[in-house]
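Remarks on the overall topology
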Amino acid sequence: MTCRPFWLSLFLMFVAISPASAESWADSIYESLQERKLPEESLSLAAIPLDGPGEPRFVNADEQMNPGSTMKLVTTYAALELLGPNFQWHTRLYTDGEQKGDTLKGNLYYVGVGDPKLTLERMWLLLRDLRAMGIKHIRGDLVLDGSYFHLPNGIPHFNDDGDNPYAPYLVEPSALLTNLNVFRIRMMSRDGKVHVSTEPPVSKIVIDNQVTAPERGRCPVHNSKALQYEPDFSDRRKITVTITGALPENCRADRYLSLMSQEDYTANLIRGLWREMGGTLSGRDRTGRLARGAKLLVTTSSPDLVTMVRDINKWSSNIMARQLFLTIGAENRLAGDKDDLAAADRAILEWMRLKGIDISQVVLENGSGLSRVERITAHQQALMLQQAWRSPFAAELIASLPLVAMDGTMRNRLRNTALVGEGHIKTGTLRNVRSIAGFTRDQNNTTWAVAAMINDRSAWKSRAVLDEVLKAVHTLVEPGTDASRVTAASAGGGR
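What comes next is a walk through the structure. On a predicted model such as this, the values are computed, not experimentally measured, just so you know.

All chains considered together, the criterion is met by 1 disulfide. Across the disulfide from Cys219 sits Cys251; the S-S distance is 1.9 Å. Torsion about the S-S bond of the Cys219 and Cys251 cystine: about -80 degrees, corresponding to left-handed handedness. A residue pair is termed long-range when its members are at least 10 positions apart, and Cys219 in the loop between strand 11 (205-212) and strand 12 (227-232) and Cys251 in the loop between strand 13 (239-246) and strand 14 (252-257) qualify at 32 residues. Taking relative accessible area as the criterion, Cys251 reaches 1% and is therefore assigned buried.

Following this line, the structure appears as structure tokens:
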């Protein structure tokens, strides 16, 4: 039997156990793919060290893939640099008339600018400011001006192949968007009855409550099919939502539905809130442009862009991302752009190219990832994250991403592991698509930019694979680091 020199045995043992070796670092990822019968080519992965030792790691990294919602990282990072972190949206009310006592004799113009987070509360404050001017009665039309976004041919429709066309995540962008264009239906079972209310209060929404209230039973979980909601649009004057099912005693349930166009929703919201304040608005609702010479009445300003970016990335808001994408287009529109979608596409791709990123395989549609056509490679995405790490606004972008096992869309992933709080990771979920992208640390405290996508008809079962990607990066031990010396010492001591 041939005896090896001690130093050679020590070296071979170190290589065998070092998780940083190029041959072994991804073994657990491949094993996870095999366990779920997912082909290796379904995975595209890139990991680049940012502030410490290490070599970039790639698996099919230059394959063009659908990224799902991790495309939001492109939109939000671009927005921080193209619009600025303190960018705000300013929604205004104007009139072409005159105030006589407590009556405004003239039209009320609502000028929307695509504010992604114009909430019910902010709309109430805007109208309260109008009411504080002494105005109670408006003798004129409510005119909605949504011309801020230039979309002469509309926007591509997304078919989610689902059975709920009223789902909030399917709301389409509009300069007239308010309160995310959703109604919240709230139910409480008490004393043998189910009490139902809607928010915001809009007279056009009528609830046909057919829900029973059994004494015993389990409370339904979120999106449970124990309760069914069926809207009826046959009457042009109202929308009747019939609710059926059972809600046991002392249980609560909420459902969010998008039931109106953005124009109708905003007009009904304004009228409902104004009525609650004791005001009247006698004219009709219509869309149109702000009249020349109209006088400004009141303004509401959005939170800054940093706040918007956090909301978009933490909870993966499609409609907010789409509003932001169009705002980039509107603010960077050139004469040759056919619409604001094209303007945003051009502006973002030019910005990426100036960052030194190959854009040949980047395909943008709406910037949210809610798309069957958007494409990027893991390599391009990781390089973009590397650039973001060097950006003056790096802290703002990173803080907007979900913390592993702690909040946002990562709150229930990788709990009870060494990765808790160690990464800021955006997730992506779409039919045939699962993805992650963001920043995570290895056990030597080097931060890595990581992008991984799985495109396959069985992608729905790949969450554990993507979690394994983060584990594999976390356990990397690069030669020359403190961790590798500890590993080598442990190997020697075990001889």
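What follows is about the packing of aromatic side chains. Summed over the entire model, instances satisfying the criterion amount to 6 aromatic pairs. Relative to Trp351, the ring of Tyr77 lies with its centre 4.7 Å away and its plane at 75 degrees, an arrangement referred to as edge-to-face. Of this pair, Tyr77 sits in helix 3 (residues 72-82) while Trp351 sits in helix 8 (residues 340-354); the two residues are 274 residues apart in sequence, bridging distant segments of the chain. Trp351 matches Tyr77 in its accessibility class, with the two residues each being buried. With 6.0 Å between their ring centres and 35 degrees between their planes, Trp389 and Phe439 make a pair best called tilted. With Trp389 in helix 9 (residues 378-390) and Phe439 in strand 19 (residues 433-441), the pair connects residues that are 50 residues apart, well separated along the chain. On the basis of relative accessibility, which here comes to 3%, the residue Phe439 falls in the buried class.

Read from one edge of the open sheet, 5 strands run 2-1-20-19-18, paired in antiparallel fashion. If you trace the sheet from one side to the other, it starts and ends with strand 2 (57-59) and strand 18 (423-430), each paired once. Recorded for the sheet is a direction-independent mean angle of 5 degrees between the axes of neighbouring strands. Judged from the 9 bridges that link them, strand 19 and strand 20 (residues 447-455) form a sheet pairing that is antiparallel. The residue bridging Ile436 from the neighbouring strand is Ala452, located in strand 20.

With respect to the helices, strands and loops of the structure, Asn332 is situated in the loop between helix 7 (318-331) and helix 8. For Asn332, a relative accessible area of 24% corresponds to the partly exposed category. Considering only alpha carbons, one finds Asn332 and Leu82, 250 residues apart in sequence, at a separation of 8.6 Å. Excluding residues that lie within four positions of it along the chain, Asn332 makes contacts with Leu83, Asp337, Arg346 and Ala347.

What follows is about the pattern of salt bridges. Considering all chains together, one arrives at 17 salt bridges under this definition. One salt bridge in this structure joins Lys117 and Asp311, with 2.6 Å as the shortest N-O distance. With Lys117 in the loop between strand 6 (108-111) and helix 4 (120-132) and Asp311 in helix 6 (residues 305-315), this residue pair connects regions lying 194 residues apart in the sequence. The partner of Asp254 in a salt bridge is Arg184, with the nearest N and O atoms 2.5 Å apart.

With that out of the way, let us pick up empty space enclosed by the protein. Taken as a whole and assessed by the stated rule, the structure comprises 1 cavity of 30 Å³ or more. Computed from the structure, the largest cavity encloses a volume of approximately 60 Å³. Around the largest cavity, the lining residues are Ile155, Pro156, Pro173, Arg322, Phe325, Leu326, Leu341, Glu365 and Asn366. Element by element, the count of residues in the lining of the largest cavity is highest for helix 7, at 3 residues. For the lining of the largest cavity, the class distribution of residues is 6 nonpolar, 1 polar and 2 charged.

Let us look at the environment of Ser301. Within the element layout of this structure, Ser301 appears in strand 17 (residues 295-301). Setting aside anything within four residues of it in sequence, one finds Ser301 in contact with Gln88, Trp89, His90 and Arg122. Reaching out from Ser301, the side chain makes a polar contact with the side chain of His90 at a distance of 2.7 Å.

Before going further, it helps to spend a moment on the sheet that holds strand 3 (residues 90-95). Strand order in this open sheet of 5 strands is 16-8-6-3-17, and the pairing throughout is mixed. Strand pairing shows two members of the sheet lacking a second neighbour, strand 16 (285-287) and strand 17, which therefore form its edges. Within this sheet the neighbouring strands show an average axis-to-axis angle of 20 degrees, counted without direction. With 4 bridges connecting them, strand 3 and strand 6 associate as antiparallel partners. Across the sheet, Arg92 pairs through a bridge with Val111, a residue of strand 6. Packing of helix 4 onto the sheet brings it into contact with strand 3, strand 6 and strand 17, and relative to strand 17 it is tilted by some 150 degrees. Those strands touched by helix 5 (residues 262-276) are strand 6, strand 8 (142-145) and strand 16, and its axis lies near 135 degrees from that of strand 8.

Conventions used here
- Residues numbered from 1 in each chain as written.
- Predicted model: local features only at pLDDT ≥ 70, side-chain atom pairs only at ≥ 80, totals over all residues.
- Heavy atoms only, no water.
- Disulfide = S-S within 2.5 Å.
- Helix = DSSP H or I, 4+ residues; strand = E, 2+ residues; numbered from the N terminus.
- Buried < 20%, exposed > 50% of the residue type's maximum accessible area, 1.4 Å probe, protein only.
- Phe/Tyr/Trp six-rings, centres within 6.5 Å; stacked < 30°, edge-to-face > 60°.
- Pairing = 2+ DSSP bridges.
- Axes fitted to C-alpha atoms, helices over the stretch in contact; angles between N-to-C directions.
- Contact = heavy atoms within 4.5 Å.
- Salt bridge = Lys/Arg side-chain N within 4 Å of Asp/Glu carboxyl O.
- 1 Å grid on protein atoms, 1.4 Å probe; cavity = no way out; pocket = protein on both sides within 12 Å on 5 of 7 lines; lining within 4 Å.
- Points joined across faces, edges and corners; volume = space filled by probe spheres on them.
- Nonpolar A, V, L, I, M, F, W, Y, C, P; charged D, E, K, R; others polar.
- Polar contact = N/O pair within 3.5 Å; in protein donor to acceptor, adjacent residues only side chain to side chain.

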